[in-house]
Amino acid sequence: MAHHSHEPQVTVLPPDKEKIKKLWTVAFILGAVTAVEFLIAFTMSHGVAKTALFVILTIVKAAYIVGEFMHLKYEVKVLFWSILIPTLFIIWMLVAFVYEGMTMPVF
Amino acid sequence: MAHSTAATAPGKSVWDGGASPMGASYGKLMMWFFLLSDAFTFSGLLITYGLVRSSHPAFDGLPEAFTFSTEYWPIPEKVFEAVPFLHGYSLPLVFVGIMTFILIMSSVTMVLAVEAGHRMDRKAVEKWMLWTIVGGITFLSCQAWEWTHFIVGTDAPTLVKDFVNGQWITKEVTGANLHINQYGPQPFADFFFFITGFHGFHVFSGVLLNFLIYYNTVTGVYERRGHYEMVEKVGLYWHFVDLVWVFVFTFFYLV
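Residues numbered from 1 in each chain as written. Chains lettered and ligands numbered in written order. Predicted model: local features only at pLDDT ≥ 70, side-chain atom pairs only at ≥ 80, totals over all residues.

A.B. asks: Would you take a moment to explain the packing of helix α5 (residues 186-218) of chain B against helix α7 (residues 229-254) of chain B for this structure?
C.D. replies: The axes of two packed helices give the description: the angle between them and the distance between them. Residues and elements named next belong to chain B. Interaxial distance between α5 and α7 falls to 10 Å at its minimum, and their mutual angle equals 160°. By the angle class used here, α5 and α7 are roughly antiparallel. Considering how the two elements wind past one another, α5 and α7 form a crossing that is left-handed. Here Ile 195, Thr 196, His 199, His 202, Val 203, Gly 206, Leu 209, Asn 210, Ile 213 and Asn 216 of α5 lie close against α7, whose contacting residues are Met 230, Val 231, Val 234, Tyr 237, Trp 238, Val 241, Val 244, Trp 245, Val 248 and Phe 252. A per-class count over the contact of α5 with α7 returns 14 nonpolar, 6 polar and no charged. (Axes fitted to C-alpha atoms, helices over the stretch in contact; angles between N-to-C directions. Helix = DSSP H or I, 4+ residues; strand = E, 2+ residues; numbered from the N terminus. Parallel < 35°, antiparallel > 145°, perpendicular 65-115°, else oblique. Left-handed = near helix turned anticlockwise from the far one by under 90°. Contact = placed C-beta atoms within 7 Å. Nonpolar A, V, L, I, M, F, W, Y, C, P; charged D, E, K, R; others polar.)

So, in structure tokens, the structure goes:
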């Protein structure tokens, strides 16, 4: 590897089979949940139940992406909560906007 | 990932300096907080979409009887039902489904690049970064096609009221832009361009960053540095782009 004398000798470790297998499992779950969403989109009639299901499945996917792919689940707890707690403001934003929308004149 | 919280002298807080209480480097931490702020931006867009959509009447007939009109909000799956090379077939949400799959796959290749970086495996990082870049470019190409289709419109035009030279006229419209829209109320097209455009620009920036990382890997910058943490940081950004798409997919296309 070292073409120049000042380059450090690098030790390449073998692939972590267990970890890689887990990553592919997460990818499979994400794909499967998307497939389920498709199924729901064309079999259920429109309504609150359908929207609620979509929201739940989206949160499941988000949890896998942030927790596993972005590795947040395995970070120090202070970091984990520093990222998670501020997202409560998004819930607040949602409630505030919906309230505002209900009291707003219709377009 | 080094949990340096334990390495403090007795009677001294981890926050007194010399340790990283969050067990992450400055750069990684700042990437996390940037992504948090970006999440607020995207939430702003998506929540406003929900607000405006719910203040418009919905189409109350059977989905089979749906036609485009500016009187009610369109059913998304009736708008996005075209697939390249399959003109004339109604394939609702199939193309967005393919785009979702592409982005999930590129997220996997990114995380594999991060894993290879931890092992100092330069060749593997190069391989997986390249696949990630390919995934990003493929997604952007799909989006370019989708935008073109949305702008050009369907074969049959829709009658839309427009304000021209001081008076209202009714005219036949195909396609949509920020001024006129054949699919439904004007905000529908505006939100389409703003939300998918803002996300698409994130993907574009991500591809540029990924290329930078790939370049630095190939030239051995990270090998000389002794770690591949930059791959991790840009990886966080790339996964976030995938995460946002998951929400856009649900709230713009599915619901």
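Read on for the rest.
A.B. asks: Looking at this structure, I do not really get the interface of chain B and chain A. What am I missing?
C.D. replies: Where the parts come together, the accessible area they lose is often given as the size of the interface. Contact with chain B, which involves 43 residues of that partner, is made by 44 residues of chain A. Taken together, the elements giving at least two residues each to the side of chain B that touches chain A come down to α1 (26-54), α3 (94-118), α6 (221-225) and α7 of chain B. Among the residues making up the side of chain B that touches chain A, the classes are represented as 22 nonpolar, 14 polar and 7 charged.

A.B. asks: What's the story with the packing of α3 of chain B against α7 of chain B in this structure? I'm lost.
C.D. replies: Residues and elements named next belong to chain B. The interhelical angle for the contact between α3 and α7, taken along N-to-C directions, is 160°, at an axis separation of 10 Å. Our classification of the angle between α3 and α7 gives roughly antiparallel. Considering only the axes of α3 and α7, their crossing is left-handed. Of the residues in α7, those in contact with Val 96, Thr 100, Leu 103, Ile 104, Ser 107, Met 110, Val 111, Ala 113, Val 114 and Gly 117 of α3 are Val 231, Glu 232, Gly 235, Trp 238, His 239, Asp 242, Trp 245, Phe 249 and Tyr 253. Residue composition of the contact of α3 with α7, grouped by class: 12 nonpolar, 5 polar and 2 charged.

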